[in-house]
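Structural overview for review
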Amino acid sequence: LKMSWAWFYPPLRLLMAVCLCPALRAPTSTLRSDLFNFYHSLVLADGKETTVHLLKDIPKRYYFVLEEGRAPAPFTITVTPCDVPIEWSILRHKASAIYSLPAGDHDTQEISKSPRTPSTVSTIFNYKGNSVETYVGMSYHSALYMLEFLSTERDTHITVYLTTDTTSGHLYPELPLDPRIDIIGIGHTTVTLAWKHSPSVLQHRENIQYCLLVNEKHNYKSLCAAETAIRSSGMKVPPMLALSLSPYLLEPQQVMILSNSELSIINRASSGEVRQICVGTKNTYTVPSLSASTQYYFDVFVVNLLTNASAAYTGTFARTLEEPEPKLTELKDGKVVQVVLDGKKQKLYSLQYQARHKRIQFTFQSCRGQVQVHITKNGKTVASENISGLRYFSLKGNLLDTYLVQLRSTEQSNSSVKVQVSSHFHKPLFPLLPDSLKIKSFSKLRTCNSVTIAWLGTQEESKYCVYKKRIEEDQVWLELQSVDRCAGPESRPRAEKVLCKYFYDINLQRAVTTETIKGLDAGTLYLFDVYLMGPSGIPVRYYSKVVKTRKKC
């Protein structure tokens, strides 16, 4: 090269004049201002992790200088892509000239240059991809280095770490010689992982911990890339999942679970679920609550809590086992079966019945929560519905037809349901029900010590029992959510019983009864329940009603 490329960058000529010549005297105030702006915009900081934002197809350059007198000078550069693959390279420019200022007024003198050695510019490293890459080099001459970064896919960001001090420890935690994650156990809803300890954990146990990332899409080569992917799906994540995370940092679509000293954050989005789990310094972990027959990707990061820096193990993946065929429970004609459904695991519960008559009737009473009911006859669907309350299905077929009933909770909490199948329509298990099971209260008839309620009856004479319970305002939601609608009045304390009475009316328009409950306290909340007792003795509970007496009368 006849002319050094440094001459195309006027501020760079000044920087070289200051950095490469120890004999150079202090620059003027104007020169210092130019150098200050140049330094903070282009020169890469030593010993600090720098975030670099890249625009598509626009290269970005950073510089650093290895000082004279320190040769041989070791240095390392670590670049972490946070999204798409990038191109980056390191160019070395050896000093081709020494610049000096003549004696006299520095404001009026021009910089002179005296070429002493031939200039050389060489590319010493080049990489393209999205892996975390580290270059370790040694400089035997004073030189200026240029790092050039380019993203050809889209706007992105990366982190760059330069250090010339290789004696004071590592910013990034060290990986073991074998950084692979081993899968040592696979179940229907769990996968057990193990990995070799990081040397950093053995040396600085109190400042290092392992964090896992679990998702259904792909592995991540850095924690930076994982956080970028989570944000791009519409979620926000804490700046470093390994730091002391507070519930107040979480977004509405995030769930934090803390158990057995393990911190787990679940990020929910339309594209799926990303689970972050920090497990301290133990190097085995069983990931729970996975879905059966599903492929998951697992990444392990070792994180330095003091510097926020992390290193990624080689990710792995595994497919959970297929869910076993649900066990079948045989239904017997006229017998009642109560089933408790696990809402968290969303498991199916299956019941089977072989018809002894052409016409049969299934009866379902939801005791707690909403239940999904699916009925097939000889493999073909004949009914499918979500139920809460009481529901009948009358079906017609042939003798020895096989019916399969599958039940599942529609909620995250447990549900329960009573099931009966019968061919004896003249012996109903449950009493005849009114059009509505709601209890009505009359606001104008409320007093300080009494409340008037009403409910619908039927054309069949039945027994109705009324119960009351005093509750606090902060207990209302819990009381209504925890109601077991299959439990009869025998489960209630005797002190809560108000009365029992028989009632019916041939004209359904007039099948309404009212009751005034007296002896109540002023300004107090009460929970009222009505039980309808059928001929078989199995009760049906109306929907609970909460009423507050007047405070002043």
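An account of the accompanying structure is given in this report. (Residues numbered from 1 in each chain as written. Predicted model: local features only at pLDDT ≥ 70, side-chain atom pairs only at ≥ 80, totals over all residues. Heavy atoms only, no water.)

Points about unusual backbone geometry
This is how the line gets drawn: In DSSP terms, a helix is any run of H or I states spanning at least four residues, a strand is any run of E spanning at least two, and both are numbered starting from the N terminus. We call a residue buried when its accessible area falls under 20% of the maximum for its residue type, exposed when it is over 50%, and partly exposed in between, using a 1.4 Å probe and counting protein chains only.
One non-glycine residue, Asp 57, lies in positive phi territory at about 65 degrees. Of note, Asp 57 is situated in the loop between β1 (49-54) and β2 (60-66). What makes Asp 57 partly exposed here is its relative accessible area of 47%. The phi dihedral of Leu 400 is positive, around 70 degrees, even though this residue is not glycine. Looking at where Leu 400 falls in the secondary structure, it is placed in the loop between β27 (390-396) and β28 (402-409). For Leu 400, a relative accessible area of 54% gives the class exposed.

Thoughts on the environment of Arg 154
Put simply, the rule is: Contact definition: two residues touch when any of their heavy atoms are within 4.5 Å. Polar contacts, as counted here, are pairs of nitrogen or oxygen atoms within 3.5 Å of one another; within protein the pair requires one atom able to donate a hydrogen and one able to accept it, and residues that are adjacent in sequence qualify only if both atoms are side-chain atoms.
Relative to the helices and strands, Arg 154 is located in the loop between β9 (143-150) and β10 (156-163). Overall, Arg 154 belongs to the partly exposed group, its relative accessible area being 41%. A sequence separation of 68 residues divides Arg 154 from Ile 86, and the C-alpha atoms of the two residues are 9.7 Å apart. In this structure Arg 154 touches Lys 56, Asp 83 and Val 84, once residues within four positions along its chain are discounted. In this structure the side chain of Arg 154 is engaged in a polar contact, spanning 2.9 Å, whose partner is the side chain of Asp 83.

Points about the side chain of Ser 366
Relative to the elements of secondary structure, Ser 366 occurs in strand β24 (residues 359-368). When its relative accessible area of 2% is taken as the criterion, Ser 366 is described as buried. Setting aside anything within four residues of it in sequence, one finds Ser 366 in contact with Val 371, Ile 387, Ser 388, Gly 389, Ser 416, Val 417, Arg 485 and Cys 486.

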